[in-house]
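Below are the chains, spelled out letter by letter.
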Amino acid sequence: MKNTEINSAYNLGIPTIAQSLFSNAVSSQDSGRATGGLASSLSPMDEAGDVLPMYEFEIPNTLVGLVIGIKGKTIKELSTRTDVRMLIRQHHIPEKVDTHQICQVRGKREQINRCLQMLRRRFPPARFPELNLQPVLPPPIPSHFFDSITYHPTWLTLPDEIPCEVVCSSVIDPGHFFVQQPTHPSFSSLSHLDMYMLRLYSQASDIPDLPKPCQNGLLCAAPVLGAWFRAVTVNYNIETDEVMLRFVDYGGYTLLPRSELRQIRTDLMSLPFQAVECYLAHVQPVDGTWQWGEDALKFFQKLCMGKVINATVVGVSVNDKVPMVELTVPSEDGKPLRVDKELMNSGFAKASDPSKVQKVSTARSRSMRLFSGSSFYRLLIC
């Protein structure tokens, strides 16, 4: 199936990504103390597991003590009355370390606004003009998070005919899914990029949205579940002003209004795109159609999700050149199981037409390709 034929029935395949993107970063945060100030503990999620928005602004060192209050009374009162979590930390700009600190407020949008309003009443601009409560951008993402410093977007691929350790990051159906390579050197940098994009796009109000009408193949930043992810435009509906997107790091498709999308900064393109789109080789739904049933989807998810499995590219689809892969998962006794055979043995699949697969030996090399069909991925300079 070509990308241009994908419709809104395809759900985004990353429902837990926004809930877990902080897992690596939280453990590396400081202890909650900043020079001259005390901060409360900070969790990035609410009780329901949703990522909470964050707002940061500068506080002159001369006012830090007043904002914290005696034994933390003021900051605790603000946090309790507005139901937010507040943290005061050292400024990330070296030139301001000796003069200012950063106050971080995390909560729902209306709660953050209420907290800022209380701060403004407690510190009126007539008496405290140096406290302007204007948002500050996060520090630039360190270059050592990336393996190569380049602003030309590249896409990871799977090696041909060689088993590769992967994780399924998004499943559209048992025959169509996305995988990541957790052993690739660049994979560990993805969580840092996710954190940086969340902070940058949640705070910056001057980043332009995508132009209208929107072209296919534009790289952009897209909001999902309170976070921001890199994506590429697949199809634009001029009547509804909505864009079908493909998420380049986690996979999956979704439909969003063009006005919610933002142009992506060039410094966010250094990390190679992590998600590899794949079709499962050798099988099709048992009824001979292209549509898999709900039971087949649950069976596939139980076999493949939440674990490291092996993927081997055996060819590409003759229709759209998407890799056709064999998936192998470990059984309870340690023996490898072929997923396509398990689907057939369980009555969910039957053998597919082998003429639909172009063998690896005759397929054109796909190493680090930037094309999908005839669409080139374009980067708007932001």
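Residues numbered from 1 in each chain as written. Predicted model: local features only at pLDDT ≥ 70, side-chain atom pairs only at ≥ 80, totals over all residues. Heavy atoms only, no water.

- Naming follows an unreviewed UniProt entry, where the protein chain appears as Tudor domain-containing protein of Angiostrongylus costaricensis.

**Some remarks on the pattern of salt bridges**
Then step 1. Here the structure, examined in full by the defined rule, presents 11 salt bridges.
Then step 2. Note that Arg-89 is salt-bridged to Glu-56, the shortest N-O span being 3.0 Å. Of this pair, Arg-89 sits in strand 4 (residues 85-90) while Glu-56 sits in strand 3 (residues 54-60), and the two are 33 residues apart along the sequence.
Then step 3. The exposure class assigned to Glu-56 is buried, which follows from its relative accessible area of 0%.
Then step 4. Across the pair Asp-241 and Arg-258 runs a salt bridge whose closest N-O atoms are separated by 2.8 Å. Of this pair, Asp-241 sits in the loop between strand 9 (227-237) and strand 10 (242-247) while Arg-258 sits in the loop between strand 11 (253-257) and strand 12 (262-263), and the two are 17 residues apart along the sequence.
Then step 5. Salt bridges here are not isolated pairs; linked through shared partners, they connect Glu-56, Arg-89 and Arg-199. (Salt bridge = Lys/Arg side-chain N within 4 Å of Asp/Glu carboxyl O. Helix = DSSP H or I, 4+ residues; strand = E, 2+ residues; numbered from the N terminus. Buried < 20%, exposed > 50% of the residue type's maximum accessible area, 1.4 Å probe, protein only.)

**Describing the sheet that holds strand 3**
Then step 1. Spatially, 3-5-4 is the arrangement adopted by the three strands of the open sheet, whose pairing is antiparallel. Where the open sheet ends on each side, the last strands, each with one partner, are strand 3 and strand 4. Across the sheet, the mean angle separating the axes of adjacent strands is 25° when strand polarity is ignored.
Then step 2. Relative to strand 5 (residues 100-106), strand 3 runs antiparallel, the two sharing seven bridges. Within strand 5, the residue paired with Phe-57 across the bridge is Cys-103.
Then step 3. Here helix 5 (residues 109-122) sits on the sheet and contacts strand 3, strand 4 and strand 5; the angle it forms with strand 3, its principal contact strand, is near 15°. (Pairing = 2+ DSSP bridges. Axes fitted to C-alpha atoms, helices over the stretch in contact; angles between N-to-C directions. Contact = heavy atoms within 4.5 Å.)

**Remarks on the nonpolar core**
Then step 1. Residues Met-197, Tyr-201, Ala-222, Leu-245, Leu-261, Ile-264 and Leu-268 are the most contacted members of the largest nonpolar core, which totals 36 residues.
Then step 2. If you list the elements that add at least two residues to this core, you get helix 6 (190-203), strand 8 (218-224), strand 9 and strand 10.
Then step 3. It is helix 6 that contributes the most residues to this core, seven residues altogether.
Then step 4. Core analysis: the next-biggest nonpolar cluster, separate from the first, contains 27 residues, Cys-278, Leu-280, Val-325 and Leu-327 among them. (Core = buried A, V, L, I, M, F, W, Y, C linked by side-chain atoms within 4.5 Å.)

**Regarding the packing of helix 3 (residues 61-68) against helix 4 (residues 73-82)**
Then step 1. One way to put it is that helix 3 packs onto helix 4 with a least axis distance of 4 Å and a crossing angle of 65°. Seen from helix 3, the contacting residues are Leu-66, Val-67 and Ile-68; seen from helix 4, they are Lys-73, Thr-74 and Ile-75.
Then step 2. Here the residues of the contact of helix 3 with helix 4 sort into four nonpolar, one polar and one charged. (Nonpolar A, V, L, I, M, F, W, Y, C, P; charged D, E, K, R; others polar.)

**Re the packing of aromatic side chains**
Then step 1. Here the structure, examined in full by the defined rule, presents nine aromatic pairs.
Then step 2. With centroids separated by 6.2 Å and ring planes inclined at 45°, the aromatic side chains of Tyr-55 and Phe-57 adopt a geometry described as tilted. Here Tyr-55 and Phe-57 have matching classes, each one buried.
Then step 3. Taking 5.3 Å as the distance between ring centres and 45° as the angle between the ring planes, the aromatic pair formed by Phe-299 and Phe-348 counts as tilted. Taken together, the positions of Phe-299 in helix 7 (residues 294-304) and Phe-348 in the loop between helix 8 (339-345) and strand 18 (349-351) put the pair 49 residues apart, joining distant regions of the chain.
Then step 4. Overall, the relative accessible area of 22% leaves Phe-299 in the partly exposed class.
Then step 5. Of the residues examined, Phe-348 reaches a relative accessible area of 23% and is grouped as partly exposed.
Then step 6. Taken together, the ring pairs in this structure connect Phe-229, Phe-247 and Tyr-250 into an aromatic cluster. (Phe/Tyr/Trp six-rings, centres within 6.5 Å; stacked < 30°, edge-to-face > 60°.)

**Section: the state of the cysteines**
Then step 1. Using the criterion set out here, one finds zero disulfides in the structure.
Then step 2. Counting only cysteine sulfurs, Cys-168 is the nearest neighbor of Cys-278, a cysteine outside any disulfide, at a range of 8.2 Å.
Then step 3. Given a relative accessible area of 1%, Cys-278 falls into the buried group.
Then step 4. Unpaired in this structure, Cys-304 has its nearest cysteine sulfur neighbour in Cys-168, at a distance of 5.1 Å.
Then step 5. Judged by relative accessible area, Cys-304 falls into the buried class, the value being 0%. (Disulfide = S-S within 2.5 Å.)

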